[in-house]
Amino acid sequence: MKRVSKNELKNLLRNTLSIEVEQSVSKILEGVRLRGDEALIDFERQFDHVELNAQEFKVSSKELIQAGTQVSKSVRSVLAVMIKNVRRYQKDLLYHDWIKSYSSGKAGGKIHLGSLVRPLDRVGVYIPGGTAPLISTVVMTVIPAKVAGVKEIIVTTPPNQSGKINPYILEACRLTGASHVYKLGGAQAIGALAFGTQTVPRVDKIVGPGNKYVASAKRQVYGLVGIDMVAGPSEVLILADDSANPKHVAADLLAQAEHDVMAKTFLVTPSMKLIEATEQEIHLQIQRLTRKETAEVSIRERGYAVKVKNLEEAVEVANKIAPEHLEILCRRPSSLIQKLRSAGAIFVGDSTPEPVGDYVAGPSHVLPTGGTARFFSPLSSRDFLKSMSYLKYDQKSLTKDLKVIQSIATLEGLDAHQKSAEVRFL
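Here we summarise the structure given alongside this text.

About the thresholds
- Residues numbered from 1 in each chain as written.
- Predicted model: local features only at pLDDT ≥ 70, side-chain atom pairs only at ≥ 80, totals over all residues.
- Heavy atoms only, no water.
- Helix = DSSP H or I, 4+ residues; strand = E, 2+ residues; numbered from the N terminus.
- Buried < 20%, exposed > 50% of the residue type's maximum accessible area, 1.4 Å probe, protein only.
- Contact = heavy atoms within 4.5 Å.
- 1 Å grid on protein atoms, 1.4 Å probe; cavity = no way out; pocket = protein on both sides within 12 Å on 5 of 7 lines; lining within 4 Å.
- Points joined across faces, edges and corners; volume = space filled by probe spheres on them.
- Core = buried A, V, L, I, M, F, W, Y, C linked by side-chain atoms within 4.5 Å.
- Phe/Tyr/Trp six-rings, centres within 6.5 Å; stacked < 30°, edge-to-face > 60°.
- Lys NZ or Arg CZ within 6 Å of the ring centre and 35° of its normal.
- Salt bridge = Lys/Arg side-chain N within 4 Å of Asp/Glu carboxyl O.
- Pairing = 2+ DSSP bridges.
- Axes fitted to C-alpha atoms, helices over the stretch in contact; angles between N-to-C directions.

Considerations on the overall build of the protein
Stage number 1. When helices and strands are tallied, the protein shows 16 helices and 14 strands.
Stage number 2. Over its C-alpha atoms, taken along the principal directions, the protein stretches across nearly 85 × 60 × 45 Å.
Stage number 3. The proportion of buried residues among the 426 residues of the protein is 48%.
Stage number 4. Counting contacts in the protein only where the partners sit at least 6 residues apart, residues at least 24 apart contribute 73% of the total.

Put into structure tokens, the structure is as follows:
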């Protein structure tokens, strides 16, 4: 780990997308927009190294059934627990229609104002490929959409070179209720979801994590479709005092570091003794990891130990970084929580390691990264809802507010607005 001061942290987390990536992705998106399935075939050959025709993009019911036979009852049982917990939490986040009545004063009229909430019609969910089958990400993205009432959920995920998708991914899609699964990866998958092709339907919103090309593609199609966030490499910040167990701190840092060589880890503490003990533990524990090489690069290049004066300064550092995951390991965590303003998810106490959020608790693990927790929130069922304002005036209420309408319309030079209200009284 690198020992740095709080002043050196300023630019460590900001996600930047290179011009080369942006330009490359722009060409891919334009190709998909103009050539549809033909472009998808070419890009899948080029980037996922697989030969597929357009009819093979969509996973068949036969493939789904076959995948199910390769998944054990124990794995299905684990998925059932995850699905139950995520569904329970996401239901509590939903918001609903409301309409209130207001008196228009002495005139005796009534004004009815409110909000009408509706689910999105069709959404796209991107599930990254790679060496590990991210079944948890399927649950954390599809279930919130299902809870919100989305009618059609389209999952895209990269196939292997044989044109297959991991059976655990497919079974997770089936159990969570995804409508369709497509064998498409990278920026071309985002383009297909955003524009629609001859075989891939256009969606209203695209969610889910991905690499820098996926992130760039989502950013570029935003406005044509909605997106959840522009995500970057994973990160964890552990805010701790000298009561923290260095074995636990090291294990939690490594749990994040094994994701990716680009993952970022932070230990922010007033205790130099904890920093030194944690560094020793990292050295010991990293030797036993399956993904040792990945974790080593991450910790060496993007692991930071920040010595601060006290916990108040530690909170200040955490708020500036606005990390994806924020663990609090100190004697009185409740005294700090109200002071924290920006984080994707907060894990409180020694018995709440970050993997409980990744796998089982209920909040989605699709979280803002790279300091974007300053303005983005975690993915949730709310991301799949939209609201419409509701307004209903009676004649007495319109009479009362007519002068306001006339005055503002005159100031803005919009006389048709004024006449639209006045015509009701002719």
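Points about empty space enclosed by the protein
Stage number 1. Here the structure, examined in full by the defined rule, presents 1 cavity of 30 Å³ or more.
Stage number 2. As a volume, the largest cavity reaches approximately 30 Å³.
Stage number 3. Lining the largest cavity are Gly208, Pro209, Gly210, Val214, Ala215, Lys218, Met229, Val230 and Ala231.

Notes on the environment of Ile190
Stage number 1. Following the sequence through the fold, Ile190 ends up in helix H7 (residues 186–195).
Stage number 2. With relative accessibility at 0%, the residue Ile190 sits in the buried group.
Stage number 3. Residues Ile190 and Leu170, spaced 20 residues apart in sequence, show a C-alpha to C-alpha distance of 19 Å.
Stage number 4. In contact with Ile190, other than residues within four places in its own chain, are Tyr126, Ile206, Val214, Ala217, Lys218 and Val221.

Observations concerning the nonpolar core
Stage number 1. Ranked by size, the top nonpolar core spans 40 residues in total, and within it Val155 and Phe384 carry the most contacts.
Stage number 2. Secondary structure elements with two or more residues in this core: helix H4 (73–93), strand S4 (122–126), helix H5 (135–148), strand S5 (152–157) and helix H6 (167–176).
Stage number 3. Considering every element that reaches this core, the biggest residue donor is H5, with 9 residues.
Stage number 4. For Val155, the contacting residues outside a window of four places in its chain are Val125, Ile127, Val142, Cys173, Ala178, His180, Val181 and Tyr182.
Stage number 5. Counting residues in hydrophobic clusters, the runner-up holds 29 residues, among them Leu184, Leu193, Val221 and Val225.

Description of the side chain of Thr269
Stage number 1. Looking at where Thr269 falls in the secondary structure, it is placed in strand S10 (residues 264–269).
Stage number 2. Overall, the relative accessible area of 0% leaves Thr269 in the buried class.

Quick look at the packing of aromatic side chains
Stage number 1. Summed over the entire model, instances satisfying the criterion amount to 3 aromatic pairs.
Stage number 2. Note on Phe43 and Phe47: the rings are 6.0 Å apart at their centroids and 25 degrees apart in plane angle, and the pair reads as stacked. Placement of both Phe43 and Phe47 in helix H2 (residues 37–48) is noted, with a separation of 4 residues, approximately one turn of the helix.
Stage number 3. Phe47 gets classed as partly exposed once you look at its relative accessible area, which sits at 36%.
Stage number 4. With centroids separated by 5.2 Å and ring planes inclined at 25 degrees, the aromatic side chains of Phe266 and Tyr304 adopt a geometry described as stacked. With Phe266 in strand S10 and Tyr304 in strand S11 (residues 303–307), this residue pair connects regions lying 38 residues apart in the sequence.
Stage number 5. Under the relative-accessibility criterion, Phe266 is labelled buried at 1%.
Stage number 6. One Lys or Arg, Lys100, reaches over the ring of Trp98 and ends 5.9 Å from the middle of that ring.

A few points about the pattern of salt bridges
Any two side chains of opposite charge can pair if their charged atoms end up close together.
Stage number 1. One pass over the full model with this rule turns up 20 salt bridges.
Stage number 2. The partner of Asp242 in a salt bridge is Arg331, and the shortest N-O contact between them spans 2.8 Å. Of this pair, Asp242 sits in the loop between strand S9 (235–240) and helix H9 (246–257) while Arg331 sits in the loop between strand S12 (325–329) and helix H13 (334–337), and the two are 89 residues apart along the sequence.
Stage number 3. Arg331 gets classed as exposed once you look at its relative accessible area, which sits at 51%.
Stage number 4. A salt bridge links Glu316 to Lys320, with the shortest nitrogen-to-oxygen separation between them at 3.5 Å. On the criterion of helical spacing, the pair formed by Glu316 and Lys320 is a turn pair, its members being 4 residues apart in helix H12 (residues 311–321).
Stage number 5. A cluster of three or more residues bridged by salt bridges with shared partners is formed by Arg35, Glu38, Asp42, Arg45 and Glu51.

Looking at the sheet that holds S12
Stage number 1. If you trace the 6 strands from one edge of the open sheet to the other, you get S1-S11-S10-S9-S12-S13, paired in parallel fashion. In this open sheet, the two strands that pair with only one neighbour each are strand S1 (2–4) and strand S13 (345–348). Going across the sheet, the axis of each strand differs from the next one's by a mean of 20 degrees, ignoring polarity.
Stage number 2. Sheet topology note: the S9/S12 ladder contains 5 bridges and is parallel. Bridged to Leu237 within S12 is Leu326.
Stage number 3. Here H12 sits on the sheet and contacts S9, S10 and S12; the angle it forms with S9, its principal contact strand, is near 165 degrees.

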